[in-house]
Structure formats: structure tokens, C-alpha cells
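Below, each chain spelled out in residue letters.
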Amino acid sequence: MKKLLTAMLAAPALVFSMLLAAQDMEDTITVTSSIFDHHGMVPEENSAYGANTSIDLSWSDLPAGTQSLALICDDPKVVEIGMMETPFVHWVVYNIPANASGLPGGLAADAEPMVDGLAGMINGNNGLGRSGYFGPRPPANGQLHQYDFRIYALDEDLDLAAGLNKDQLMEAIDGHVIGTGMLMGHYERKE
């Protein structure tokens, strides 16, 4: 029992150290969207105050040996301003085929959406515990929030099961990340 408790207490630290290792990797993958530039504003349409439509993403410059891709979008600003202890997770996607050059906008929130060229791709669980994209929805507190759409290139097709959240995905891809890239967007609720 003591070993189990020790392992459970160590798990958040392990996930945190894996996140730091992946974040310390220099971004070499170029990530873009047709609806906003890096450091640009996420449109209202793509916020949870609007239609909550997932953004389109494109990427290039994948490292040699990429076998699959994963995506995590979260808001680290909530930690900085003391709203939460960890970044709020807005989107988790994995089992993205290595030959995919992006994700279409308006992707269904189904755990296993059917999209040409993205067979096997899975929408993991966001911070609400639901599959799919959950757009920006910060309180109207005068704070500009940050949304990091980070792509992970993996050296193996891990064929992960549906239902993973960010921490579970990060644990599963630990040791397999060979490249990263990020598109950062911002959103502020003014009313």
C-alpha cells in the first residue's frame, strides 16, 4: 500500500518533469492557422462564447523519423494570475498520422471523428473531461489569456486508446517526442 501511495504522489511530479522536458525542446516545427497569426487574437467564433468552432491548424518542417503527431492546447495564463494550479486544457488530439499536414477547422468533438486523411486520429479529453475542442472562455476580468497550440512529433505510432487527457497523453509520449512547434493565440473577454 505504501508503494502505491508513493507512486500516486510521485505521478504529478513525473508528468510535470515530462512537460518541462518537452517544453525545453527547441521548437523546429512551424505551426500556423488561417484565422490568426502567432501571438494574434483567437476570433470570437472560435471561443466558447461564440460558436466554439475548432480552429484550423497547419504544420510543416516535421523532423525526419516522425511516425505520428499529437496536439495539446492549453492556457498557461490561468496559473500566472492564480486562477488555477495548472494550465487549463482546451484540446487534446493524438494518433494524428505523420503524413497529415494539419487539422481542418470545425472538427467534430467526437472522440474518433471521421476525417479524410486523418484515419485513427482521436480527440482526447479536455479540461472539462469531454472529448474535442473547448474554445477560450476566460472570465471578463481584464486579463488577456494565452492559448498554446503545441504539436508534438513522435518517433513511433503509439496507437493510443480513446479517452486520454493531457497528463495521460504526456505520460504515453514520454521518450518519443522528437520535435515540437507552437502557435500561440490570445483571447480576452471584455464584457
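Let me sum up the structure you'll find in this document. (Residues numbered from 1 in each chain as written. Predicted model: local features only at pLDDT ≥ 70, side-chain atom pairs only at ≥ 80, totals over all residues. Heavy atoms only, no water.)

1. Brief notes about the overall build of the protein chain
Thinking step 1. If you tally the helices and strands in the protein chain, you get three helices and nine strands.
Thinking step 2. Along the protein chain, from the amino end to the carboxyl end, the secondary structure elements read α-β-β-β-β-α-β-β-β-β-α-β.
Thinking step 3. Residues classed as buried in the protein chain amount to 45% of the 191 residues present.
Thinking step 4. On the protein chain, roughly 9,600 Å² of surface is accessible, and the fraction owed to carbon and sulfur atoms is 52%. (Helix = DSSP H or I, 4+ residues; strand = E, 2+ residues; numbered from the N terminus. Buried < 20%, exposed > 50% of the residue type's maximum accessible area, 1.4 Å probe, protein only. Areas by Shrake-Rupley, 256 points an atom, 1.4 Å probe, with all protein chains shown as cover.)

2. Examining the nonpolar core
Most often, soluble globular proteins have nonpolar side chains that are buried together.
Thinking step 1. Core analysis: the biggest nonpolar cluster contains 25 residues, and Leu57, Trp59, Leu71, Trp91, Ile96, Leu103 and Phe149 have the highest contact counts within it.
Thinking step 2. Elements represented by at least two residues in this core include exactly strand 3 (57-60), strand 4 (68-75), strand 5 (88-97), strand 8 (145-154) and strand 9 (177-187).
Thinking step 3. At four residues, strand 8 tops the list of elements feeding residues into this core.
Thinking step 4. The contacts of leucine 57, once residues within four sequence positions are left out, are Val31, Thr32, Leu71, Trp91, Ser101, Gly102, Leu103, Phe149 and Leu183.
Thinking step 5. Within the second largest apolar cluster, 15 residues are counted, among which are Ile72, Tyr94, Leu154 and Leu160. (Core = buried A, V, L, I, M, F, W, Y, C linked by side-chain atoms within 4.5 Å. Contact = heavy atoms within 4.5 Å.)

3. Side note on the packing of aromatic side chains
Thinking step 1. Throughout the structure, instances matching the rule amount to four aromatic pairs.
Thinking step 2. Ring plane angle 80 degrees and centroid distance 5.1 Å describe the contact between tryptophan 91 and tyrosine 133, whose orientation is recorded as edge-to-face. With a gap of 42 residues between them, tryptophan 91 in strand 5 and tyrosine 133 in the loop between strand 7 (122-123) and strand 8 connect regions that are remote in the sequence.
Thinking step 3. With relative accessibility at 0%, the residue tryptophan 91 sits in the buried group.
Thinking step 4. The buried category is assigned to tyrosine 133, whose relative accessible area is 8%.
Thinking step 5. The aromatic ring of tyrosine 49 is capped on one face by arginine 189, whose charged end is 3.8 Å from the ring centroid. (Phe/Tyr/Trp six-rings, centres within 6.5 Å; stacked < 30°, edge-to-face > 60°. Lys NZ or Arg CZ within 6 Å of the ring centre and 35° of its normal.)

4. Thoughts on the sheet that holds strand 7
Two modes of strand pairing occur in sheets, parallel and antiparallel, and in both the strands are linked by backbone hydrogen bonds.
Thinking step 1. One open sheet accounts for six strands, arranged 2-9-8-4-5-7; its pairing is mixed. The open sheet terminates on both sides in strands that have one partner only, identified here as strand 2 (40-41) and strand 7.
Thinking step 2. Both strand 4 and strand 5 contribute to a ladder of seven bridges, which runs antiparallel. Bridge pairing in strand 5 links aspartate 75 to phenylalanine 88. (Pairing = 2+ DSSP bridges.)

5. Some remarks on the environment of proline 104
Thinking step 1. Along the polypeptide, proline 104 turns up in the loop between strand 6 (102-103) and strand 7.
Thinking step 2. Overall, proline 104 belongs to the partly exposed group, its relative accessible area being 32%.
Thinking step 3. Note: C-alpha distance between proline 104 and aspartate 56 (48 residues apart in sequence) is 4.6 Å.
Thinking step 4. Excluding anything up to four places from it in sequence, proline 104 contacts Ser54, Ile55, Asp56, Val115 and Leu118.

6. Points about the side chain of asparagine 126
Thinking step 1. Note on placement: asparagine 126 falls in the loop between strand 7 and strand 8.
Thinking step 2. A polar atom in the side chain of asparagine 126 sits 2.8 Å from the backbone nitrogen of leucine 128. (Polar contact = N/O pair within 3.5 Å; in protein donor to acceptor, adjacent residues only side chain to side chain.)

7. Description of unusual backbone geometry
Working note: non-glycine residues mostly have negative phi, and peptide bonds are mostly trans.
Thinking step 1. With a phi close to 70 degrees, histidine 39 is a non-glycine residue in the positive phi region.
Thinking step 2. Tracing the backbone through its elements, the reader meets histidine 39 in the loop between strand 1 (30-32) and strand 2.
Thinking step 3. Residue aspartate 159 is not a glycine yet carries a positive backbone phi of 45 degrees.
Thinking step 4. Relative to the assigned elements, aspartate 159 resides in the loop between strand 8 and helix 3 (166-173).
Thinking step 5. Here aspartate 159 falls in the exposed class, since its relative accessible area comes to 62%.

8. Brief notes about the pattern of salt bridges
Thinking step 1. On inspection of all chains with the given rule, the structure shows four salt bridges.
Thinking step 2. Lysine 166 is the partner of aspartate 74 in a salt bridge, and the nearest nitrogen-oxygen pair spans 2.4 Å. Within this pair, whereas aspartate 74 is found in strand 4, its partner lysine 166 is found in helix 3, the two being separated by 92 residues in sequence. With respect to class, aspartate 74 is no different from lysine 166; both count as buried. (Salt bridge = Lys/Arg side-chain N within 4 Å of Asp/Glu carboxyl O.)

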